Amino acid sequence: MVHLVRVATCALNQWALDYENNLRRIKQSIHEAKKEGATLRVGPELEITGYGCLDHFLENEVYENSWDSLYSILTDVSLHGIIIDVGLPLLHRNCTYNARAIILNGKILCFRPKLYLANDGNFREMRFFTPWKRPRYVEQYFLPPRIQEHQGCRQVPIGDVVLSTIDTCLAAETCEELFTPNSPHIEMGLNGVEIFTNSSGSHHSLRKLDERIALISEATRKNGGVYLYSNQIGCDGDRLYYDGCAMIFVNGRLVAQSSQFSLNEIEVIVATVDLEDVRAARCSPSRGQQAVQAHEYQRIEVDFNLSSNEDSLLWEPTPPRPPRYHLPEEEIALGPACWLWDYLRRSRAAGFQLALSGGIDSCATATIVYSMCRLAVAAVKQGNQQVIADMKRIAVYSSELPETAEALCNQILHTVYLGMEAQSSKETRQRAHDLAAHIGAYHQDVNIDTMFQSARDILTQATGFTPKFKVHGGSNTQNLALQNIQARSRMVLTYYFAQQLCEVRERPGGGSLLVLGSSNVDECLRGYLTKYDCSSADINPIGSISKVDLVRFITWSAKNFNMPVLQDFIDAVPTAELEPITADYVQSDEADMGFTYKELSRFGQLRKVNKLGPYGCFLRLLSEWTKEGMTPREVADKVKRFFHFYAINRHKQTVATPAYHSESYSPDDHRFDLRPFVYPPAFESWSFRKIDERVEALEKKGRNTA
Ligand SMILES: NC(=O)c1ccc[n+]([C@@H]2O[C@H](COP(=O)([O-])OP(=O)(O)OC[C@H]3O[C@@H](n4cnc5c(N)ncnc54)[C@H](O)[C@@H]3O)[C@@H](O)[C@H]2O)c1
Ligand SMILES: Nc1ncnc2c1ncn2[C@@H]1O[C@H](COP(=O)(O)O)[C@@H](O)[C@H]1O
Ligand SMILES: N[C@@H](CCC(=O)O)C(=O)O
Ligand SMILES: O=P(O)(O)OP(=O)(O)O
C-alpha cells in the first residue's frame with residue numbers, strides 16, 4: 001500500500017519584533033504550503049517574534065504579543081486543514097521557554113519546549129529561556145482566558161511529546177538539539193516517530209551548511225525517517241545573517257532545498273514522500289533490538305490523516321537530488337550582500353558612503369555592495385514585489401527602476417578617495433577611480449592635505465612644537481601621531497560626505513547615507529589600525545573575514561562578475577600610505593606589522609577556533625612552521641610578537657564597527673569573542689617563559705624542528 005504524504009517547510013525573512021509582518025509571512029507560507037497540497041507545514045524557530053529579539057525575551061510584553069499572533073493564526077479558518085508547527089516564546093509557570101505550538105484546524109494540539117538551548121558563540125538562549133531538559137516529560141499548560149474560550153478547554157499538554165496521526169507519527173526537535181551528541185531524534189526514531197520537524201534560527205558562517213547537511217542526513221540515514229528543516233533567512237536586526245536553506249531529507253537523502261542566499265522574504269519547499277520507504281528502511285533486526293529498548297514517549301492522538309489529500313493518487317515521491325553548496329568565495333559575495341540589502345531597506349537609509357583607498361579591503365566592501373545591486377536588480381526582473389517596493393523607496397533619482405546593477409550602484413553607493421599629496425600614489429588613486437567607474441559608484445577624488453595641515457598646526461600654535469615624519473627625522477611617536485591625523489580626518493570627512501551628498505545630488509526627499517567600514521580580521525587582531533579612523537563606521541560587511549579569504553573572494557569576483565579591474569588590487573602590495581613616499585621608502589603593511597597576512601590568519605584561527613593561548617599556539621606552530629624552514633626561536637619570536645601586539649591593542653576591538661558575522665575566527669568583541677581589554681604583563685610573561693624554556697631545550701638538543 002502506498003502512503004504518499006506531502007510535507008512543507010520554509011525559510012522566512014523575519015525581523016525581530018516586527019509582529020505584524022512576521023505574522024503576514026507565516027500565514028502566507030501556510031497558504032503556499034496548502035496550495036501545494038501539503039498537510040504539514042514547519043516554520044523557523046521563534047518565528048512569531050523573530051529569532052534575534054535577545055534581551056527583549058526578558059520582557060513580558062513579548063509573550064503577550066506572541067499570544068496575539070497565535071490567536072490570529074488559530075482563528076483564521078483559511079489556515080485549517082493542515083498541521084502547523086509554529087515557533088514562539090512561551091511563559092509557563094513563571095518560566096520562559098523557546099517553544100513550538102503544534103496546531104490543527106484552529107486548535108492547539110500541544111506545546112513542545114526546546115530541551116537543550118544554544119549557548120555558544122553568538123547564541124545566548126540560556127540568558128532568556130529555561131531549557132525543558134526533561135526528555136519525555138509532559139505537563140499541562142493553562143491557556144490564557146480568551147484562548148480557553150476559543151479552544152473549549154483550559155489546558156493543553158506541554159513537554160517532550162510526539163504526535164500520532166491516523167497514518168503516521170511525527171515530532172519536533174528544535175535547532176541546537178540536532179547539534180547535540182544525544183539528539184532527541186535518535187530515541188524518537190527508535191520509538192516509531194517517522195517525521196521529524198526541525199525549526200532553526202541558524203545564522204550563516206562560512207562552510208556551516210556542510211555541517212548542517214551532514215548532521216541532518218546522518219539523523220535519518222541509520223534510523224530512517226523524514227526530516228523537515230526550517231530556518232530564518234536574512235538580517236533580523238543584528239550582525240547575523242540567517243541563511244535559510246530549508247531542506248527535506250528522506251532516509252538520509254536530500255529531496256528538496258530552498259535558497260541559502262536570497263532576497264525572497266518567503267520560500268516554501270514541499271516534497272512528496274512515501275512513508276513505506278521509511279518503514280522499509282527501518283525493517284532491520286539490529287535496529288529492532290534497540291527499538292524495543294527505547295523509552296516510551298507520551299503520544300498525542302490526532303484525528304487527522306496526513307495522506308488524506310484526494311490528489312495523492314496522482315503524485316509520485318520526490319526523487320533525491322544532490323545538495324547545492326556554494327563555494328566559500330561565493331558565500332562571501334552573497335551572504336554579506338543579502339545582509340546589506342536587509343539592513344539598507346530596514347534602516348530606511350538612502351544608500352552607502354565608503355572611503356575607497358585603492359587597497360583590497362575597501363575594494364572588497366565596494367564589491368559586496370555591487371554584488372548586492374546585482375541581486376536586487378535580478379530580483380526585480382523576477383518580479384519580486386517586496387524588492388520592487390523597497391527599490392522604489394531607495395532608488396529615487398530616476399522615475400524608472402534601475403535596469404542594471406551599475407545603475408542601482410550609481411544611486412546608492414558613494415565612494416571617495418581621500419588623498420595626500422606626498423603619501424598617496426597615483427596607482428591607488430587610479431585603482432579607486434577604475435573600480436568605482438566599473439561598478440557605477442558615484443565617486444569623488446579629493447585631497448585632505450589642508451585638513452591635515454590645519455590639525456597639525458593647531459598643536460604648533462598651542463605649544464610651539466612641530467611633529468615630523470620619521471623620514472624627515474621625527475620620532476616614532478611623532479610619526480604615528482601624524483599618520484593618525486590623516487586617518488582620523490578621513491573618518492570625519494567620510495561622515496561629512498555621508499550626510500551631505502544627498503543634498504549635493506538633490507535626492508528627492510533628501511536622506512543620509514550609511515558609512516561602510518572595511519577593516520579585516522587580521523589588522524584588528526594585530527591592532528594595525530587607528531582607533532576612530534575609517535575602521536569606525538556604521539556597519540562593516542568584511543569585519544569578520546581574514547585578508548587571505550578576502551583575496552580569494554576578489555579573485556573569484558574578478559572572474560564571476562567579469563571585473564578584470566580587480567586583478568590590479570590582487571597584485572598590489574597592501575599599504576596604508578600614511579607616511580611620505582621617498583626615493584627609498586614605501587610603507588608596506590606586512591613589513592610594518594612583522595607578519596604576513598597568511599601568518600595572521602593562522603593566529604586568528606588558532607586563538608579562537610582551536611581555543612589556544614600563547615603557549616598552545618607556539619606548540620602548534622612549532623610543528624607547522626619549522627616544516628616550512630623556520631627555527632624554533634623564529635617561531636617563538638613570532639608568537640610572542642603576535643600576543644604582545646594583540647594584548648596592547650585589544651582595546652581597539654571595544655569600538656569596532658558592527659560587522660557581518662561570517663567566520664568562526666571573528667574577533668568581534670561585542671557579541672562573539674568576549675575578552676578583557678587591559679591585559680596583565682603576566683599574560684605575556686607566564687606563557688612566554690614556557691615558550692622560552694621549550695626553545696632553549698630544543699636548542700640544547702641541537703634540534704631545529706619540533
Ligand atoms: N589608519 C590607518 O589607515 C592605518 C592603516 C594601517 C595601519 N595603521 C597603523 O595603526 C597604528 C595606529 O597607531 P596607534 O595604535 O599608536 O594609535 P591609536 O590611536 O589607534 O591607539 C593608541 C591610543 O589608544 C589608547 N589606548 C592605549 N592603550 C589603551 C588601553 N589599554 N585601553 C584603552 N585605550 C588605550 C590611547 O589613548 C592611545 O592614544 C599605526 O601603527 C599605524 O601605522 C593605521
Ligand atoms: N587614500 C584613501 N582614500 C580613501 N580612503 C582611505 C584612504 N586611505 C585609507 N582609507 C580608508 O581607511 C581604511 C584603512 O586603510 P588602510 O589601507 O588599511 O590603511 C581603508 O579601508 C579605507 O576605507
Ligand atoms: N548550533 C546551532 C544552534 C542554533 C539554534 O539553536 O538556534 C546552529 O548554529 O545552527
Ligand atoms: O583598507 P584598504 O582598502 O586600504 O586595503 P589595504 O589595507 O590592503 O591597503
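Okay, so let's go over this structure. (Residues numbered from 1 in each chain as written. Chains lettered and ligands numbered in written order. Predicted model: local features only at pLDDT ≥ 70, side-chain atom pairs only at ≥ 80, totals over all residues. Heavy atoms only, no water.)

## Details of the pattern of salt bridges
Here the structure, examined in full by the defined rule, presents 42 salt bridges. One salt bridge connects glutamate 139 with arginine 93, and the closest N-O pair in it is separated by 3.1 Å. Placement of glutamate 139 in strand E6 (residues 138–142) and of arginine 93 in the loop between strand E3 (83–92) and strand E4 (95–104) is noted, with a sequence separation of 46 residues between them. Look at glutamate 139 and you get buried, because its relative accessible area is 10%. We classify arginine 93 as exposed; its relative accessible area is 53%. With its nearest N and O atoms 3.3 Å apart, the salt bridge here joins arginine 456 to aspartate 457. Accessibility expressed as a relative area gives 22% for arginine 456, which makes it partly exposed. With a relative accessible area of 29%, aspartate 457 lands in the partly exposed category. Residues joined in a network through salt bridges with shared partners are Asp18, Arg24, Arg25, Glu265, Asp342, Arg345, Arg346 and Asp390. (Salt bridge = Lys/Arg side-chain N within 4 Å of Asp/Glu carboxyl O. Helix = DSSP H or I, 4+ residues; strand = E, 2+ residues; numbered from the N terminus. Buried < 20%, exposed > 50% of the residue type's maximum accessible area, 1.4 Å probe, protein only.)

## Brief notes about the environment of alanine 572
Of note, alanine 572 is situated in the loop between helix H19 (566–571) and helix H20 (589–593). For the pair alanine 572 and glycine 358, spaced 214 residues apart in sequence, the C-alpha to C-alpha distance is 9.1 Å.

## Here's the deal with helix H10 (residues 328–347)
The first and last C-alpha atoms of H10 sit 28 Å apart over 20 residues, in line with the 28 Å expected at 1.5 Å per residue. Summarising burial for H10: 16 of the 20 residues are buried, a large majority. Trailing H10 by a residue or two, arginine 348 shows a phi angle of about 60°, which is positive. (Expected span 1.5 Å × (residues − 1).)

## Side note on the side chain of serine 546
Along the chain, serine 546 turns up in the loop between helix H17 (521–526) and helix H18 (547–560). Look at serine 546 and you get buried, because its relative accessible area is 3%. Reaching out from serine 546, the side chain makes a polar contact with the side chain of serine 601 at a distance of 3.3 Å. Those residues in contact with serine 546, other than ones at most four positions away along the chain, are Val521, Asp522, Ser601 and Tyr665. (Polar contact = N/O pair within 3.5 Å; in protein donor to acceptor, adjacent residues only side chain to side chain. Contact = heavy atoms within 4.5 Å.)

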